[in-house]
Amino acid sequence: MNFTSPRRRFARAAVASLALTGLTGLLSACGGSDSSDSGSKASGPVTLDFWGWANGQEAVVKAFNASHKDVKLKYTKVTDQLTMQKQLTNAVKAGNAPCLLQNTGEYVTSWVAQGALADITPYVEADKDKFNPGSWATGQVQDKVYGVPTSSAPAFTIYRTDIFEKYGLQPPATWDDFIAAGKVLKKHGIKITNYAGEDPSTLEILAMQAGAHWYSIDGGSWKVDFQDEGTLKAAKVIQEIIDDDLNSKLSFADYAAVQRNYDNGGTATRQISTWQMSGMVQNFTKSFGDWALSPWPAFKGEAPKTPAGTNQSGNLTLVSEQCKNKEQAAQAALWMSTDSGAVETMASPETGSGVMPALADSDAYVSEAISEKLLGKNYEPAKKIVTDSLGTVTTDWTFGPNWTAMFTEMQDQWAAVVSKKQTVTDLLAHMQKWTVDDLKRRGISVKG
């Protein structure tokens, strides 16, 4: 499936150790900010450091500075999100963290636990309705807001219409339909999906869709549960696909080879978001116009529900606790996510990152976010699939304080699942014990 970015998933990055013993530790604010300045307005023009990596941000900063007299942004481009975690760790320790920084949803809880992020709820809560609920939830920890969302990732299935028509198949409405279609395609040497051995995000996002909660807060402790009903429901779907050999096993380490496989018809579907279409367009040569979108498959008997894509959909502008001008920083973050010119700059694949904005009303940007070249006659119907998916996004997923370390361990184990050396439930049992033990080693109060 490979819903998430290989750049994010395949790297070995470690967030600094946490010291969380309960909710007090989770929400406490430490760091080098001057309490007398926190959240107060400066007497004159202020300059706010802003770190980010996304294409288009420099142009947005230039527009902000041209339209604001009392607040200016000073932009520093960071290589990528993993470099950001390392540089931010050093900056927090040195007491010189930037006021504003780009980051993604899976890191928010960890940084809050370390006291690195400012609670900006008082400055942005009134603007909540400007954003879609799924994106807004990404910046929250325990109902407090720590970041303003900058983008969203509508989730859907993209499939080969020529292959489906040839074998009399309909786009799968449910995961049962998806497996049934996979069994038909298997007879003709075609796989229904691709599971890369280094990328367990498939398990994460199906568990998310199924209502799982790997991490939650229970009183003054973290609760860990990798074996809840939702996770086991997701595991059953994945295990059947693997057991019946319905999936390709191509590694995204050879990105071009994966794309050629789709282009050549070796794999017939992907569960993706808008931003991933660019890789298909850039690498395909044969199948332009043969692709169409359909809704993300539902679990049988359940209403449509799509996972909140945990990478590109989770892009945020965060305010650091060390910032002496938190209100101005929060307002600048809001401006960058809501000003029409700034949003258009970032949404365009030519001037920005080519991602959907996080706004509640983002229909106007759908045309830019999907590829007419890729979809051909299916381009117009695809627009509704994209906009509809934003209304069914999960909003209650929590990233735990050791998420990065946990996911790295899951990566190490996932290849054995794909190669049938262990089952998905074996992996889940291992992750349950490993995650609880790891939190305890970090001095974090945990149940599970």
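The notes below deal with the structure included here. Because the structure is predicted, anything quoted here is derived from the model rather than measured. (Residues numbered from 1 in each chain as written. Predicted model: local features only at pLDDT ≥ 70, side-chain atom pairs only at ≥ 80, totals over all residues. Heavy atoms only, no water.)

Comments concerning the overall build of the chain
Now for step 1: On a plain count of helices and strands, the chain comes out with 20 helices and 15 strands.
Now for step 2: Of all 448 residues assigned to the chain, the portion counted as buried reaches 58%.
Now for step 3: Considering only intrachain contacts with a sequence separation of at least 6, the fraction spanning at least 24 residues in the chain is 79%.
Now for step 4: Carbon and sulfur atoms make up 49% of the accessible area of the chain, which amounts to about 17,300 Å² in all. (Helix = DSSP H or I, 4+ residues; strand = E, 2+ residues; numbered from the N terminus. Buried < 20%, exposed > 50% of the residue type's maximum accessible area, 1.4 Å probe, protein only. Contact = heavy atoms within 4.5 Å. Areas by Shrake-Rupley, 256 points an atom, 1.4 Å probe, with all protein chains shown as cover.)

What to know about the pattern of salt bridges
Now for step 1: The tally for this structure, following the rule as stated, stands at 12 salt bridges.
Now for step 2: Between Lys183 and Glu240 there is a salt bridge whose closest N-O contact spans 3.4 Å. One end of the pair, Lys183, is in helix 9 (residues 175-186); the other, Glu240, is in helix 11 (residues 229-243), with 57 residues separating them in the sequence.
Now for step 3: Residues Lys384 and Asp388 are paired through a salt bridge, measuring 2.6 Å at the closest nitrogen-oxygen approach. Pair noted here: Lys384 and Asp388 are both in helix 18 (residues 379-389), with a separation of four residues, about one helical turn.
Now for step 4: On the accessibility criterion, Asp388 (40% relative accessible area) is partly exposed. (Salt bridge = Lys/Arg side-chain N within 4 Å of Asp/Glu carboxyl O.)

Remarks on helix 15 (residues 340-347)
Now for step 1: Burial in helix 15 covers these residues: Ala342, Val343, Thr345, Met346 and Ala347.
Now for step 2: Residues of helix 15 that are buried make contact with helix 3 (57-67) and helix 14 (326-338).
Now for step 3: The opening residue of helix 15 is Asp339, an N-cap whose side-chain oxygen sits 3.1 Å from the backbone nitrogen of Gly341. (Polar contact = N/O pair within 3.5 Å; in protein donor to acceptor, adjacent residues only side chain to side chain.)

Concerning the sheet that holds strand 9 (residues 215-218)
Backbone-to-backbone hydrogen bonds join strands into a sheet, with any given pair of strands oriented parallel or antiparallel.
Now for step 1: The three strands lie next to each other as 9-10-15, forming an open sheet whose pairing is mixed. Looking along the sheet, the strands with just one partner apiece sit at the ends: strand 9 and strand 15 (446-447).
Now for step 2: Inspection of the sheet shows strand 10 (residues 221-224) paired to strand 15 by two bridges, in the parallel sense. In the sheet register, Lys223 faces strand 15, and the bridge partner there is Lys447. (Pairing = 2+ DSSP bridges.)

Regarding the state of the cysteines
Now for step 1: Taken as a whole and assessed by the stated rule, the structure comprises one disulfide.
Now for step 2: Disulfide partner of Cys99: Cys323, at an S-S distance of 2.1 Å. Residues Cys99 and Cys323 are joined through a disulfide that is right-handed, its torsion about the S-S bond being 90 degrees. Of this pair, Cys99 sits in the loop between helix 4 (81-94) and strand 3 (100-103) while Cys323 sits in the loop between strand 14 (316-319) and helix 14, placing them 224 residues apart in sequence.
Now for step 3: For Cys99, a relative accessible area of 10% gives the class buried. (Disulfide = S-S within 2.5 Å.)

Considerations on helix 18
Now for step 1: For helix 18, the complete set of buried residues consists of Tyr379, Ala382, Ile385, Val386 and Ser389. Down the axis of helix 18, the buried set is contained in an arc of 100 degrees. They therefore lie on one face. The exposed residues of helix 18 that point more than 90 degrees off its buried face are Pro381 and Lys384.
Now for step 2: The elements touched by buried residues of helix 18 are strand 7 (155-160), strand 13 (291-295), helix 16 (366-369) and helix 17 (372-375). (Arc of directions from axis to C-beta.)

A short note on unusual backbone geometry
With glycine set apart, most residues show a phi of negative sign, and most peptide bonds adopt trans.
Now for step 1: Positioned with a positive phi, Asp143 is a non-glycine residue whose angle comes to about 70 degrees.
Now for step 2: With respect to the secondary-structure elements, Asp143 resides in the loop between strand 4 (140-141) and strand 5 (144-145).
Now for step 3: For Asp143, a relative accessible area of 68% gives the class exposed.
Now for step 4: A positive phi angle, close to 55 degrees, is found at Asp245, a residue other than glycine.
Now for step 5: Looking at where Asp245 falls in the secondary structure, it is placed in the loop between helix 11 and strand 11 (247-248).

Describing the packing of helix 19 (residues 403-418) against helix 20 (residues 424-441)
Now for step 1: Running from amino to carboxyl end, helix 19 crosses helix 20 at an angle of 155 degrees, the nearest separation of the two axes being 10 Å. It follows from the interaxial angle that helix 19 and helix 20 lie roughly antiparallel. In the packing of helix 19 onto helix 20, the handedness of the crossing is right-handed. Residues Ala405, Met406, Glu409, Met410, Gln413, Trp414 and Val417 of helix 19 touch helix 20, and the partners they reach there are Val424, Leu427, His430, Met431, Trp434, Thr435 and Asp438. (Axes fitted to C-alpha atoms, helices over the stretch in contact; angles between N-to-C directions. Parallel < 35°, antiparallel > 145°, perpendicular 65-115°, else oblique. Left-handed = near helix turned anticlockwise from the far one by under 90°.)

Things to note about the pairing of strand 1 (residues 46-52)
Now for step 1: With five of seven residues buried, strand 1 is to be regarded as a mostly interior element.
Now for step 2: In the sheet, strand 1 pairs with strand 2 (residues 71-77) via seven bridges, with the strands oriented parallel. Bridging across to strand 2, Leu48 finds its partner in Leu73.
Now for step 3: As for the winding sense of the linkage, the β-α-β connection from strand 1 through helix 3 to strand 2 is right-handed.
Now for step 4: Relative to strand 3, strand 1 runs parallel, the two sharing two bridges. What sits directly across from Trp51, in strand 3, is Leu101. (Right-handed = clockwise from strand over helix to strand, strands pointing away.)

Some points on the sheet that holds strand 7
Now for step 1: Here we have three strands laid out as an open sheet, ordered 12-7-13, and antiparallel in their pairing. Both outer strands of the open sheet, strand 12 (269-273) and strand 13, are each paired with one neighbouring strand and no more. Across the sheet, the mean angle separating the axes of adjacent strands is 35 degrees when strand polarity is ignored.
Now for step 2: As defined by bridge partners, strand 7 adjoins strand 12 across five bridges and the pair is classed as antiparallel. Paired with Ile158 across the strands is Arg270, a residue of strand 12.
Now for step 3: Relative to the sheet, helix 18 contacts strand 7 and strand 13, its axis offset from that of strand 13 by approximately 35 degrees.

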